[in-house]
Amino acid sequence: MRKKILIIIPLFLITGISIYLYSYKGHRNIESETADYTVTVKGLEKEFTFNDSLATVKYQDKTIEVTAIVTAVEPASKGIVIDEKIFATFKDSLPKDIAIGRMLKIKGRFLGYDELLQEFKIDQSSLVHQNK
């Protein structure tokens, strides 16, 4: 009986610690991550039109880079709309000099497609490059 207890207790401890560490992972730093995918707005639209569930599995919670033109700036939400199809929010504040009509490349975490607003969502965005 004592042997069983000496085996069972460590197993419970190891299992409990493993579950805790799996459930409470550290926060990601998207800005320092390498992008999983470099995409265009048209490419995203094409993949989601062809098979939205497969595209969701592919991009969901992944770091992506997108190059596009700024079509709207929303300072209150720290967000921008690019190519009228992607709404990207920045972590801390909007980068300086972002203006409508400028071409830029951003990197962020892909959240998914909002069917109601018919736009893709990206958060934790950072500016990679901007043409002036």
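It should be emphasised that the depicted structure is a prediction, and the values quoted were computed from it without experimental measurement. (Residues numbered from 1 in each chain as written. Predicted model: local features only at pLDDT ≥ 70, side-chain atom pairs only at ≥ 80, totals over all residues. Heavy atoms only, no water.)

**As for the environment of Gly-101**
Assignment of secondary structure puts Gly-101 in the loop between strand 4 (86-90) and strand 5 (103-114). Taking C-alpha positions, Gly-101 is 8.6 Å from Ala-72, a pair spaced 29 residues apart along the chain. (Helix = DSSP H or I, 4+ residues; strand = E, 2+ residues; numbered from the N terminus.)

**Focus: the side chain of Lys-107**
Here Lys-107 shows up in strand 5. No salt bridge is formed by the buried Lys-107; the nearest opposite charge belongs to Glu-65, separated by 4.9 Å. A polar contact of 2.9 Å, which involves the side chain of Lys-107, links it to the backbone oxygen of Glu-31. In terms of polar contacts, Lys-107 uses its side chain to reach the backbone carbonyl oxygen of Glu-33, at 2.6 Å. If we ignore the near neighbours within four places in the chain, the residues touching Lys-107 are Ile-30, Glu-31, Ser-32, Glu-33, Ala-35, Thr-63, Ile-64, Glu-65, Gln-124, Ser-125, Ser-126 and Val-128. (Buried < 20%, exposed > 50% of the residue type's maximum accessible area, 1.4 Å probe, protein only. Lys, Arg positive; Asp, Glu negative; His and termini not counted. Salt bridge = Lys/Arg side-chain N within 4 Å of Asp/Glu carboxyl O. Polar contact = N/O pair within 3.5 Å; in protein donor to acceptor, adjacent residues only side chain to side chain. Contact = heavy atoms within 4.5 Å.)

**What about the nonpolar core?**
Core analysis: the biggest nonpolar cluster contains 21 residues, and Leu-44, Val-66, Ile-80, Ile-82, Ile-86 and Phe-110 have the highest contact counts within it. Elements supplying a minimum of two residues to this core: helix 2 (41-50), helix 3 (52-59), strand 2 (63-74), strand 3 (79-82), strand 4, strand 5 and strand 6 (119-130). What Ile-80 contacts, discounting residues up to four positions off in sequence, is Val-70, Ala-72, Val-73, Ile-86, Phe-87, Ala-88, Phe-90, Leu-94, Ile-98 and Leu-104. (Core = buried A, V, L, I, M, F, W, Y, C linked by side-chain atoms within 4.5 Å.)

**Digging into the packing of helix 2 against helix 3**
Direction vectors running N to C along helix 2 and helix 3 enclose 130°, while the axes themselves pass 5 Å from each other. Classed by the angle they form, the pair helix 2 and helix 3 counts as oblique. For the pair helix 2 and helix 3, contact is made by Leu-44, Glu-47, Phe-48 and Phe-50 and by Asp-52, Ala-55, Thr-56, Lys-58 and Tyr-59, respectively. (Axes fitted to C-alpha atoms, helices over the stretch in contact; angles between N-to-C directions. Parallel < 35°, antiparallel > 145°, perpendicular 65-115°, else oblique.)

**As for the packing of aromatic side chains**
Applying the stated criterion across every chain yields a total of 8 aromatic pairs. Measuring from centroid to centroid gives 5.9 Å for Phe-48 and Phe-110, while their planes differ by 40°, and the two rings are tilted. With a gap of 62 residues between them, Phe-48 in helix 2 and Phe-110 in strand 5 connect regions that are remote in the sequence. One exposure class covers both Phe-48 and Phe-110, and it is buried. With 6.1 Å between their ring centres and 45° between their planes, Phe-110 and Phe-120 make a pair best called tilted. (Phe/Tyr/Trp six-rings, centres within 6.5 Å; stacked < 30°, edge-to-face > 60°.)

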